[in-house]
Amino acid sequence: MTQELRQPIITVAGHVDHGKTSLLDAFRGSDFQREEAGGITQKISFTKYPLEQIMKSCPLIDKGNIKLEIPGFLFIDTPGHAAFTSLRKRGGSLADLAIVVVSIKEGIKPQTAEVLQILKANKTPFVIALNKIDSISGWTKHDNLRNALESQAVHTKQDFDEALLTFQGSLSQHGFDSDLYFEVSDFTKKVAIVPCSARTREGIPELLLVLCGLCQRFLKERLTISQEAKGVILEIKKDKNLEYNEAILYDGSLDEGDELVVANFGEPIAVKVRSIQEIMPLSSKYASVKKALAAAGVRMQFTEKKDILPGMPFQEVKGNIEKIKAQFRREISNALSVDKEGIIIKADSLGSLEALITLLRQENIRIVKAGIGPISKTDILSAKANLEINPLDAVVVGFNVELEKDLEKSNIKIFTNEVIYKLIEDLQEWRKKKQEDIEKEKILGLATICKLEIIHKYVFRNSNPAIFGAKILAGKLRSNLPLIDDKGEEVARVKSIQSDKSTVEEVSEGKEVAVALPGVAFDRRLKDVKFLYSSLSTQQIKQLKKNEEFLSGTEMKIIEEIENLRKALD
């Protein structure tokens with residue numbers, strides 16, 4: 001019976017501009033896409049898509065005498081990946097199925113690759129909507145998609161086949177075998193590709209048919225409704241003085257007055273449902289209801305205000321509150337298991353955090369601390385503690401989060417982004433460069449490479465100590481560094497360095513500073529000297545030359561100059 005199964009939850013994901021919202025508009029017969037700012041989805045939007053609409057949009061079901069048992073679909077249109085990755089429940093993806101929308105001419109873009117990675121990690125079945133077929137030169141529309149694919153002019157058919165093969169090749173590189181939907185004999189082994197055009201609605205009935213078939217054939221057990229209401233909080237929204245918890249109810253039925261337990265990082269939170277609003281069919285508007293049946297996009301108000309975090313699961317209490325709390329504690333603990341050492345990460349929701357952890361672990365990056373919300377002073381302090389343990393971990397990574405106001409500037413590296421793949425890419429690039437710097441430091445040891453040009457018009461003190469202006473032409477100048485002159489003769493060790501009226505321990509190439517040298521009278525010892533160099537022993541020079549891959553061309557040139565000065569003295 002229809003009542004026994006709930007609506008499958010279908011996530012629509014893919015690269016920006018490839019037509020996710022336009023595809024849903026084609027399903028709905030609406031034009032939401034035009035209403036979005038700049039045509040880009042601003043927030044997660046639900047579409048309740050009832051059985052009548054499926055039958056109306058897909059006459060193929062009637063023609064094929066297919067008896068649908070599902071009561072409709074709940075589509076979720078996601079803004080890029082920040083939201084897509086947060087659509088998780090315990091044990092995997094919140095979505096029963098996904099539609100990955102790909103523009104036929106652009107293929108797999110980085111954001112699409114990220115979606116595929118997450119779908120694979122969550123073992124979520126998906127269909128490819130190969131969109132914008134009408135953009136192929138000479139394409140003509142037919143009533144039946146299969147006929148259209150076979151009846152195009154020769155050059156149009158060639159262009160389509162070439163684009164399809166290229167896309168299938170890219171998809172196989174991500175570990176997925178695929179074929180056109182009517183060529184797939186085993187949907188458990190191959191991903192179905194449905195060519196379509198959201199603009200002309202070509203391929204839309206076929207896409208719906210494939211979704212219905214997959215749901216009825218493979219997801220019946222998953223779609224059976226149980227007794228307790230279960231869901232995931234997606235966002236906490238404020239409207240005037242009211243606070244709503246926007247959520248997906250993915251199992252059971254939710255009633256006004258129900259008691260729920262919502263998971264948290266510490267103790268799970270017990271709340272009572274004051275009011276429920278449910279998304280209306282084929283609309284972006286909500287209507288007040290006394291009861292909502294899964295699957296549904298809902299807004300709930302609770303009887304009292306509690307600090308609830310986005311991405312957290314909730315479950316209805318039926319005399320088993322302690323059991324649910326214990327289960328949530330265990331699940332959150334397992335989901336956020338961290339390492340003894342590693343980087344600090346933050347995300348906007350539990351699902352996003354789990355996705356970030358999963359992808360970082362795939363890259364063998366360890367995590368010592370993970371949390372939800374903006375990057376805080378505590379996160380910076382935790383990263384600072386890593387400077388002593390492992391400088392590669394002295395970093396904070398934030399996915400779709402901001403920095404707390406008045407956060408002090410520090411020497412800790414902070415990465416934030418709304419796209420996971422870019423975040424991980426930036427982190428890896430920084431870690432690689434940092435590792436090279438660490439290796440270089442080890443090799444250099446005490447052998448600091450430096451060349452200074454004395455600025456003779458700035459002599460602040462002649463002796464005890466001599467203080468004068470200098471420009472660092474190459475390398476680094478450090479306190480206590482022994483210097484030689486441009487004849488190779490020893491001068492003195494640097495007593496102190498002043499930069500911008502502050503005493504500093506070290507300065508890099510290009511800076512102009514005041515240098516203090518003890519035991520030197522400037523007018524007698526340095527009046528005719530133009531350059532000063534760091535004093536390197538023959539052994540140090542040999543060691544540096546052996547490791548020249550870690551040194552810049554300028555640094556190698558300075559080493560040669562110092563070596564020649566040494567030889568001239570011998």
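Predicted, not measured: the structure shown is a model, and the values here were computed from it. (Residues numbered from 1 in each chain as written. Predicted model: local features only at pLDDT ≥ 70, side-chain atom pairs only at ≥ 80, totals over all residues. Heavy atoms only, no water.)

Draft legend 1. Here's a closer look at the pairing of strand β30 (residues 512–517). Of all six residues in β30, five are buried; the element is thus mostly enclosed. Looking at chain direction, strand β24 (residues 466–478) and β30 are connected through six bridges and run antiparallel. Paired with Ala466 across the bridge in β30 is Leu517. In this sheet, β30 lies alongside strand β27 (residues 496–499) in antiparallel orientation, the contact comprising three bridges. (Buried < 20%, exposed > 50% of the residue type's maximum accessible area, 1.4 Å probe, protein only. Helix = DSSP H or I, 4+ residues; strand = E, 2+ residues; numbered from the N terminus. Pairing = 2+ DSSP bridges.)

Draft legend 2. Representation of the packing of helix α16 (residues 538–546) against helix α17 (residues 553–569) within the structure. Closest axis-to-axis distance for the α16/α17 pair is 11 Å, and the angle between their directions is 155 degrees. The orientation of α16 relative to α17 falls into the category roughly antiparallel. Judged by the twist between their axes, the crossing of α16 over α17 is left-handed. Taken together, the residues of α17 that come into contact with α16 (itself represented by Ile541, Leu544 and Lys545) are Met556, Ile559, Ile562 and Glu563. Grouping the amino acids of the contact of α16 with α17 by side-chain chemistry returns five nonpolar, no polar and two charged. (Axes fitted to C-alpha atoms, helices over the stretch in contact; angles between N-to-C directions. Parallel < 35°, antiparallel > 145°, perpendicular 65-115°, else oblique. Left-handed = near helix turned anticlockwise from the far one by under 90°. Contact = heavy atoms within 4.5 Å. Nonpolar A, V, L, I, M, F, W, Y, C, P; charged D, E, K, R; others polar.)

Draft legend 3. Layout of the sheet that holds strand β2 (residues 45–50). In spatial order, the strands read β2-β3-β1-β6-β7-β9-β8; together these seven strands make up an open sheet with mixed pairing. The open sheet has two edge strands, β2 and β8 (178–180), and neither has a second partner. Averaged over all neighbouring strand pairs, the angle between strand axes comes to 25 degrees, with direction disregarded. Taken together, the five bridges between strand β1 (residues 9–14) and strand β6 (residues 97–103) define a ladder with parallel strand orientation. Paired with Gly14 across the two strands is Val101, which belongs to β6. Lying over the sheet, helix α8 (residues 154–173) contacts β6, β7 (126–131), β8 and β9 (191–195), oriented at roughly 155 degrees with respect to β8. Each of β1, β2, β3 (72–77), β6, β7 and β9 is contacted by helix α9 (residues 204–218), which is oriented at about 110 degrees to β3, the strand it contacts most.

Draft legend 4. How the structure looks around the layout of surface pockets. The computed volume of the second largest pocket comes to approximately 520 Å³. Along the wall of the second largest pocket there are 21 residues; nearest its centre are Lys434, Asp437, Glu441, Lys476 and Arg478. Sorting elements by how many residues they give to the lining of the second largest pocket places helix α14 (residues 420–444) first, with eight residues. Along the lines of polarity and charge, the residues of the lining of the second largest pocket split into eight nonpolar, four polar and nine charged. (1 Å grid on protein atoms, 1.4 Å probe; cavity = no way out; pocket = protein on both sides within 12 Å on 5 of 7 lines; lining within 4 Å. Points joined across faces, edges and corners; volume = space filled by probe spheres on them.)

Draft legend 5. Spotlight on the confidence of the model for the chain. Chain-level pLDDT for the chain is 87 on average; 93% of the residues reach the 70-or-more range. Across residues 31–43 the pLDDT falls below 50, and counting only partners more than four positions away or on other chains, this stretch makes 22 contacts in the model. (pLDDT = per-residue confidence, 0-100.)

Draft legend 6. Structural view of the environment of Thr112. By secondary structure assignment, the location of Thr112 is in helix α6 (residues 110–122). According to the relative accessible area criterion, Thr112 is buried, its value standing at 0%. What Thr112 contacts, discounting residues up to four positions off in sequence, is His15, Val100, Val102 and Gly107.

Draft legend 7. A look at the pairing of β1. The buried fraction of β1 is high, at six of six residues. Of the two faces of β1, the one holding Ile9, Thr11 and Ala13 and the one holding Ile10, Val12 and Gly14 are both buried throughout. As defined by bridge partners, β1 adjoins β3 across four bridges and the pair is classed as parallel. Of the residues in β3, the one forming a bridge with Thr11 is Ile76.

Draft legend 8. Just the pattern of salt bridges, in detail. Inspection of the entire model under this criterion finds 34 salt bridges. A salt bridge links Glu278 to Lys48, with the nearest nitrogen and oxygen atoms 2.9 Å apart. Highlighted residues: Glu278 in strand β14 (residues 269–279) and Lys48 in strand β2, separated in sequence by 230 residues. Across the salt bridge formed by Arg478 and Glu506, the nearest N and O atoms sit 2.7 Å from each other. Note that Arg478 is positioned in strand β24 and Glu506 in strand β29 (residues 506–508), a separation of 28 residues in sequence. Owing to a relative accessible area of 36%, Glu506 belongs among the partly exposed residues under this scheme. If you follow the salt bridges from partner to partner, you end up with Glu235, Lys237, Glu246 and Arg299 in one network. (Salt bridge = Lys/Arg side-chain N within 4 Å of Asp/Glu carboxyl O.)

Draft legend 9. Region of the structure containing the packing of α6 against helix α12 (residues 350–362). Axis separation between α6 and α12 bottoms out at 11 Å; the angle between their running directions is 95 degrees. Judged by the inter-axis angle, α6 sits roughly perpendicular to α12. Contact with α6, carried on its side by Gln117, Ile118 and Ala121, involves Thr358, Leu359 and Gln362 of α12 and no other residues of that element. For the contact of α6 with α12, a count of residues per class yields three nonpolar, three polar and no charged.

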